[in-house]
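Chain residues, written in single-letter form:
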Amino acid sequence: MEQDKIIKAPRGRERLKWLGPAFIWMLSAAGSGELLFTPRIASQYGYTLVWALVIAVVMKWFINREIGRYTVCSGATFFKGLESISSKSRALLWFLIIPQLAVAVATVAGLAGGASTALITLLDIPPIFYVILIVLITTSIISMDRYKLIEKATTVFAIIISLAVLTASISTGPDAGAIASGFVPQIPSGLKVDELLSWLGFMLAGAAGMMWFSYWIAARGYGAANLKNEEPLNFNTLSPEQTQYLKGWIKQMTIANTLAVVGALVIAFAFLILGTELLKPQGLLPEENKVAETLGRLLGGIWGELGFWFMILAVFITFFSTILSDQDGFGRMFSDGVRILFKNTSHANSTWLQQKKLQKTIVITVLGIIPVIVYLLTGEPVILLKIAGVIEACHIPVVAGFILYLNYKKLPVGLKPTAFSLISTAIAGLTFTAFAVVYILQLSGLIKI
């Protein structure tokens, strides 16, 4: 029986070997949420939006856990789960894929532009040349399936950078009282909701990052994903013993999810402190082709020239590694979605729909060539990332609604989310809906903040 292959969840130190998806997930958000938008928010509003940061991160923990729950229990990805709801549910994928195409292009273009600003500090040439070079390298790495070789190195760099930023933030001697007051909900004067929404949309992970978590959980072989079946597990023949095994894997996934959330929150606070203490007094804002130069002052203001150049390196490495994780995540998600949408059509057996070939094609075109063209037309990485962040934030309620319905509809009683998890995830979706509604009302001029 297929269920006989479900292995017990790791225990003790063995748990550490299964935390890969959490680190990848956390790294995929670092380039835009923590590194770029947090210092921008801090420079403009100081500590007044700490409450929004905490709420957004906690809400995302609930949504991400439910996405992980489905993949752990069924062995299938989020997209495969939606397909399994009914014979017509494949159409639901359009509500996910179309907005994410815009997010993917804008994000890769914006991140490449952001990485180029680090190189500009060394040699001031038109950034489009750096953007082309960066995207060419990352696209080659992903399309040749060499990401795992780079992943370990970028993880080590991410840990070093995080420790440096955390140490620097503590050394500024931040005002604990001001930070504490930021936990009390308040709306700063002149708040730009698009800035807030972009920050919260990318912080930790956006709608795309949450869906990718499903793919990385599946690739790592958590729970029923160890079966390597494309279709969801048949729960009708699941034994009590196997159900207990899956419950153990849900706990492992929850640990991974929690570590990623806590780690990202700590680093976000560090950047919030640095931005408030160092950028805000000088009125500095990380903008377009000055992103790296401005962010360099986060450490340069503490450790001098050595700190400045370390931060320039950190900006490049973070943006570069985030492009890699984004191309990997979007590539997996889009290829899976296209294969499902063309299933049972005359194209179903076409060679271009083969998983690896299709994924490579998507990485090269949608995540490589098109972002370069978009950057060439705009040349404004921050604006591109703000657009992507707003879409991500507005898309989170859709993802939350789908995963709630999927888990309630498809998972057996012993593996379904508790009433507390269901209610919390629903509140999470409604919270981001509220943020999106406020943004739309401000954009339309119906309200002023």
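Residues numbered from 1 in each chain as written. Predicted model: local features only at pLDDT ≥ 70, side-chain atom pairs only at ≥ 80, totals over all residues. Heavy atoms only, no water.

In the nomenclature of an unreviewed UniProt entry, the chain corresponds to Nramp family divalent metal transporter from the organism Paradesertivirga mongoliensis. Per its UniProt entry, the chain bears the Subcellular location (unreviewed entry) comment "Membrane". (UniProt positions renumbered as here; feature names shortened; annotations may be inferred.)

**Q** Kindly report on the overall build of the chain, identifying the contributing residues and their values.
**A** A tally of regular secondary structure across the chain gives 14 helices and 0 strands. Reading the chain from its N terminus to its C terminus gives the helix and strand order α-α-α-α-α-α-α-α-α-α-α-α-α-α. Its C-alpha radius of gyration of 21 Å places the chain within 12% of the 22 Å reference for a compact globule of 449 residues. Overall, the chain is about 65 × 50 × 45 Å in size when its C-alpha atoms are taken along their principal axes. Counting over 449 residues, the chain shows a buried share of 57%. Residue pairs in contact within the chain that sit at least 24 positions apart in sequence constitute 85% of those at least 6 positions apart. In the form shown here, the chain has an accessible surface area of approximately 18,400 Å², with 67% of it arising from carbon and sulfur atoms. (Helix = DSSP H or I, 4+ residues; strand = E, 2+ residues; numbered from the N terminus. Rg over C-alpha atoms; globule rule 2.2 N^0.38 Å. Buried < 20%, exposed > 50% of the residue type's maximum accessible area, 1.4 Å probe, protein only. Contact = heavy atoms within 4.5 Å. Areas by Shrake-Rupley, 256 points an atom, 1.4 Å probe, with all protein chains shown as cover.)

**Q** Can you explain the nonpolar core? Please cite residues and give values.
**A** Ranked by internal contacts, the top residues of the largest apolar core, which has 148 residues, are Phe-78, Phe-79, Leu-96, Trp-199 and Phe-330. The biggest single contributor to this core is helix α11 (residues 291-341), with 21 residues. In this structure Phe-330 touches Gln-100, Val-103, Ala-104, Ala-208, Trp-212 and Leu-367, once residues within four positions along its chain are discounted. (Core = buried A, V, L, I, M, F, W, Y, C linked by side-chain atoms within 4.5 Å.)

**Q** Mind laying out the side chain of Ser-89, listing which residues take part and the relevant values?
**A** On the secondary structure map, Ser-89 appears in the loop between α3 (78-84) and α4 (94-120). A distance of 2.9 Å separates a polar atom in the side chain of Ser-89 from the backbone oxygen of Ser-86. In this structure Ser-89 touches Leu-82, Glu-83 and Ser-84, once residues within four positions along its chain are discounted. (Polar contact = N/O pair within 3.5 Å; in protein donor to acceptor, adjacent residues only side chain to side chain.)

**Q** How would you explain the pattern of salt bridges if you had to name every residue and give the values?
**A** Pairs can form between side chains of opposite charge whenever their charged atoms are close. Following the criterion strictly, the structure yields 10 salt bridges and no others. For Glu-66, the salt bridge goes to Arg-69, with nearest N and O atoms at 2.9 Å. With Glu-66 and Arg-69 both in helix α2 (residues 50-74) and 3 residues apart, the pair spans about one turn of that helix. Given the relative accessible area of 1%, Glu-66 is considered buried. For Arg-69, a relative accessible area of 5% gives the class buried. Between Asp-194 and Lys-386 there is a salt bridge whose closest N-O contact spans 3.3 Å. In this pair, Asp-194 is assigned in helix α8 (residues 193-202) and Lys-386 in helix α13 (residues 381-410), connecting sequence segments 192 residues apart. Its relative accessible area of 17% is what places Lys-386 among the buried residues. The network of salt bridges with shared partners includes Arg-40, Asp-194, Glu-195, Glu-287 and Lys-386. (Salt bridge = Lys/Arg side-chain N within 4 Å of Asp/Glu carboxyl O.)

**Q** Tell me about the packing of aromatic side chains, and name the residues and values.
**A** In total, this model carries 12 aromatic pairs according to the counting rule given. Here Trp-61 and Phe-62 contribute two aromatic rings whose centre-to-centre distance is 5.0 Å and whose plane-to-plane angle is 90 degrees, an arrangement assigned as edge-to-face. With respect to class, Trp-61 is no different from Phe-62; both count as buried. A ring pair is formed by Phe-432 and Phe-435, whose centres lie 6.2 Å apart and whose planes are at 65 degrees; its orientation type is edge-to-face. (Phe/Tyr/Trp six-rings, centres within 6.5 Å; stacked < 30°, edge-to-face > 60°.)

**Q** Can you lay out helix α9 (residues 207-220) for me, pointing to particular residues and giving the numbers?
**A** The end-to-end C-alpha distance of α9 is 21 Å, a good match for the 20 Å that 14 residues give at a rise of 1.5 Å each. Most of α9 is tucked away: 12 of the 14 residues are buried. Within the sequence span of α9, burial applies to Ala-207, Ala-208, Gly-209, Met-210, Met-211, Trp-212, Phe-213, Ser-214, Tyr-215, Trp-216, Ile-217 and Ala-218. Phi for Gly-221, located one or two positions after α9, is positive at around 85 degrees. (Expected span 1.5 Å × (residues − 1).)

**Q** Which residues make up unusual backbone geometry, and what are the values?
**A** Backbone geometry follows two general trends: most residues other than glycine have a negative phi, and most peptide bonds adopt the trans configuration. Even without being a glycine, Asp-145 presents a positive backbone phi close to 60 degrees. Assignment of secondary structure puts Asp-145 in the loop between α5 (127-143) and α6 (147-171). A positive phi angle is found at Glu-288, which is not glycine, with a value near 35 degrees. Relative to the helices and strands, Glu-288 is located in the loop between α10 (240-279) and α11. We classify Glu-288 as buried; its relative accessible area is 17%.

**Q** Please give an account of α2 that cites residues and values.
**A** Along its 25 residues, α2 runs 37 Å from first to last C-alpha, staying within 8% of the 36 Å computed at 1.5 Å per residue. By the criterion of burial, α2 is predominantly enclosed, with 22 of the 25 residues buried. Downstream of α2 by a residue or two, Gly-75 has a phi angle that is positive, lying close to 80 degrees.

**Q** If you had to explain a nonpolar patch on the surface to someone new, which residues and values would you point to?
**A** The grouping of Ile-364, Ile-369, Ile-370, Ile-373 and Leu-377 at the surface amounts to a nonpolar patch, some 460 Å² of accessible area in total. By secondary structure assignment, the location of Ile-364 is in helix α12 (residues 355-378). (Patch = residues over 30% accessible without salt bridge, like charges linked within 9 Å, V, L, I, M, F, W, Y side chains within 5 Å.)

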